[in-house]
Every structure is written in C-alpha cells, then in structure tokens.
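Each chain, letter by letter, is given below.
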Amino acid sequence: MFIAQISRGRTIRQFINGTMTAPVLYSMIWFSIFGGAALLEERQASAPDQNLCCVDWNTANVDRFMNDSYIIDNKAAILAETDYTKWGVMCAYAKGTDDSCTDCELHWMSMFSTNFSSSGSLEDFMTYIKDKRYRYGMYNEDESHVRLSCLGTTSMWFAMMNTYGDLGYFLCVVSMAAIILYFVTSSDSGSLIIDILAANGNSNPPRLQRVFWALCEGATATALLVAGGTDALGALQTVSIITGLPYTIILCFLCISLWRALAMECGDIDPYGNDFRSLS
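Predicted model, so just to flag it, every value in this text is computed and none were measured.

Colleague: When you look at the packing of aromatic side chains in this model, what are you seeing that I'm missing?
Modeller: The way to describe two aromatic rings as a pair is by their centre distance and the angle between their planes. As enumerated under the stated definition, the model contains six aromatic pairs in all. Three or more aromatic residues link up through ring pairs in this structure, and these residues are Trp-30, Phe-31, Phe-34 and Trp-157.

Written out as structure tokens, the structure reads:
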C-alpha cells in the first residue's frame, strides 16, 4: 500500500524501474563490493603471515582459572612458568572443555612468547588476554586484520569497517546513522499504512495518530525483546512469513487481473467480452 501510494501518477515502466530494477541492481553491487572485501579480509587474516584463528577463550574463564583451588595452592610456580609449551594447563579452564590446547592457541602462546618477551610468564600472558578481551587471537596487534568468521553476524560489519584504520571510526558512525535512518523510515511507512487502515482508508490521517502507532510498534518490539530476547522476535518473524504464504496464491490471481486490465487498456481485450462466468 505504501509503494502504491508513492507511485501514484507514474508509468508502469517507472514503477518497475524504481521498485524492482534499481533495488536489485544496487543490492548486487553492494554485496559484490562488501562481500568481496570481507572474503579478501578473511583470506588475508588466515594467511601464514597473520595466522589469525578463533580462540574460544574469554575473560570470565581466565578469572575462574585464577580462582581455582589448585592454581591458588601452586600459584607462584604456575604463574611464573616462562615456557609457553607448559601453559596448556590454562586451556582447560579457558575453554571449559578439555585440557588440550589447539594449534591455534599454541600458535598465539608462541607469538606472545616471541614478540613480547622471551622471559614472559604465564601471568603476563593472562594479563595480555584480559586486556585484549574477545579480540584475542581474532585480531592482529594493530587490528588491521580480523578473522571475520570468528565473530557473530552482528559484529562482522563493524569489525570489517575497523580494518580501514583511522577511517574505521568514521565508517562505523556512518553505518550507525544509515541503520537508524533505515529503521526510522521503515517505521514511518509502516505506521502510515496502519494509520490509514485504522482511519477507514483516509489517505491523510492526523500525524499525531501516526506517531501513536509508531510508538505502539516500538513498544511491542521492545516488550518482545525484553520478555523473550532475540528468539521471541525471530519466532514472530517466522510466524509473519508463514502467515503471508497464502497470499502468494492471491498474488498469482492479481497478476492475471493486472494483465487483463492492461490488455483492456490497450484494446487487446474487449472489456464487454467473455469473462470467467461466460467461459464456464
């Protein structure tokens, strides 16, 4: 309904180009550029000169390691250990699974021992991890490369932008502004349609009423996120898709109706000729 309203007075060619051709071409260009850049970044991050990998450690497990009774009883000897090959005792606590370190973890232990200090102790290494937080192993030291596959889908874009050095912060701000504009305009158009339906088809309903529906939409989404988290919102999206599935059948009939209307407009079909009832 929103697209129909803003397309009023335009030709069918303009409508198709503006609502279908242009968005598809833009999406293809956008995904080609940024998707290709992300694939290149992933390959460079996994190259031998960077060898970034997904280390499944976090600061909470590092703290748990420090508070373990065995570590406390033998703290001086364990934390003073400078041979990184003997730091594997930490992996069981850092990952919370087993007592073996992966090649990725051993690699970063070796990198720390080589690049920082040949006499660096396990305690120094743990301090380094806690300072890096989740970035440990996924980023190189100057954060010019990142292993995108180690991150969640919500973090990949901003991590990719940060690889552009000093320009990264600016790109992240622009990205946030674009996301906000997207949600604001989407909410505005959705509120307009709901407002028109609630106003019995009035194409120019009061703006205050539209604001009311926009606030209701935001409050509903917030309540869903607070009550059930992202899973609840995902379930609602799935239900919306399933509910809209039957309308695809109606759309097929609408396509036929549109074709017949255009054929009548061009004079190819007699508007007073055979119809569905006479064909039976």
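Okay, back to it.
Colleague: Explain helix 12 (residues 247–266) to me, please; I cannot follow it from the model alone.
Modeller: The periodicity of an α-helix, 3.6 residues per turn, causes residues three or four places apart in sequence to face the same way. In a regular helix each residue adds 1.5 Å, so 20 residues correspond to 28 Å; helix 12 covers 28 Å between its end C-alpha atoms and thus fits that length. Looking one or two places after helix 12, you find Gly-267, whose phi comes out positive at around 90 degrees.

Colleague: I'm lost on the packing of helix 9 (residues 153–162) against helix 10 (residues 167–198) in this one. Help?
Modeller: In a packed pair of helices, the relevant descriptors are the angle between the two axes and the axis-to-axis distance. Between helix 9 and helix 10, the shortest axis-to-axis distance is 7 Å and the interhelical angle comes to 145 degrees. Facing Trp-157, Phe-158, Met-161 and Asn-162 of helix 9, the residues of helix 10 in contact are Gly-168, Tyr-169, Leu-171, Cys-172, Ser-175, Met-176 and Ile-179. Across the contact of helix 9 with helix 10, the residue classes tally to eight nonpolar, three polar and no charged.

Colleague: Where do I start with the pattern of salt bridges in this structure?
Modeller: Side chains that differ in charge, positive against negative, can pair when their charged atoms come close. In total, this model carries two salt bridges according to the counting rule given. Between Glu-42 and Arg-147 there is a salt bridge; the shortest N-O distance is 2.7 Å. With Glu-42 in helix 2 (residues 12–45) and Arg-147 in the loop between helix 8 (122–132) and helix 9, this pair connects stretches of sequence that are 105 residues apart. Look at Glu-42 and you get buried, because its relative accessible area is 17%. Among the salt bridges present, the one from Arg-210 reaches Asp-188, with a minimum N-O distance of 3.2 Å. Remark: Asp-188 occurs in helix 10 and Arg-210 occurs in helix 11 (residues 207–244); sequence separation between them is 22 residues. What makes Arg-210 partly exposed here is its relative accessible area of 22%.

Colleague: Sorry, what's going on with the packing of helix 2 against helix 9 here?
Modeller: Put simply, helix 2 and helix 9 touch, their axes get as near as 11 Å, and they point 75 degrees apart. By the criterion of interaxial angle, the relationship of helix 2 to helix 9 is roughly perpendicular. Across the interface between the two elements, Trp-30, Phe-34, Ala-37, Ala-38 and Glu-41 of helix 2 pack against Trp-157, Met-160 and Met-161 of helix 9. Of the residues contributing to the contact of helix 2 with helix 9, the split by class is seven nonpolar, no polar and one charged.

Reading the values: the criteria
- Residues numbered from 1 in each chain as written.
- Predicted model: local features only at pLDDT ≥ 70, side-chain atom pairs only at ≥ 80, totals over all residues.
- Heavy atoms only, no water.
- Phe/Tyr/Trp six-rings, centres within 6.5 Å; stacked < 30°, edge-to-face > 60°.
- Helix = DSSP H or I, 4+ residues; strand = E, 2+ residues; numbered from the N terminus.
- Expected span 1.5 Å × (residues − 1).
- Axes fitted to C-alpha atoms, helices over the stretch in contact; angles between N-to-C directions.
- Contact = heavy atoms within 4.5 Å.
- Nonpolar A, V, L, I, M, F, W, Y, C, P; charged D, E, K, R; others polar.
- Salt bridge = Lys/Arg side-chain N within 4 Å of Asp/Glu carboxyl O.
- Buried < 20%, exposed > 50% of the residue type's maximum accessible area, 1.4 Å probe, protein only.
- Parallel < 35°, antiparallel > 145°, perpendicular 65-115°, else oblique.

Fair warning: the whole summary comes from geometry, so function is off the table for now.
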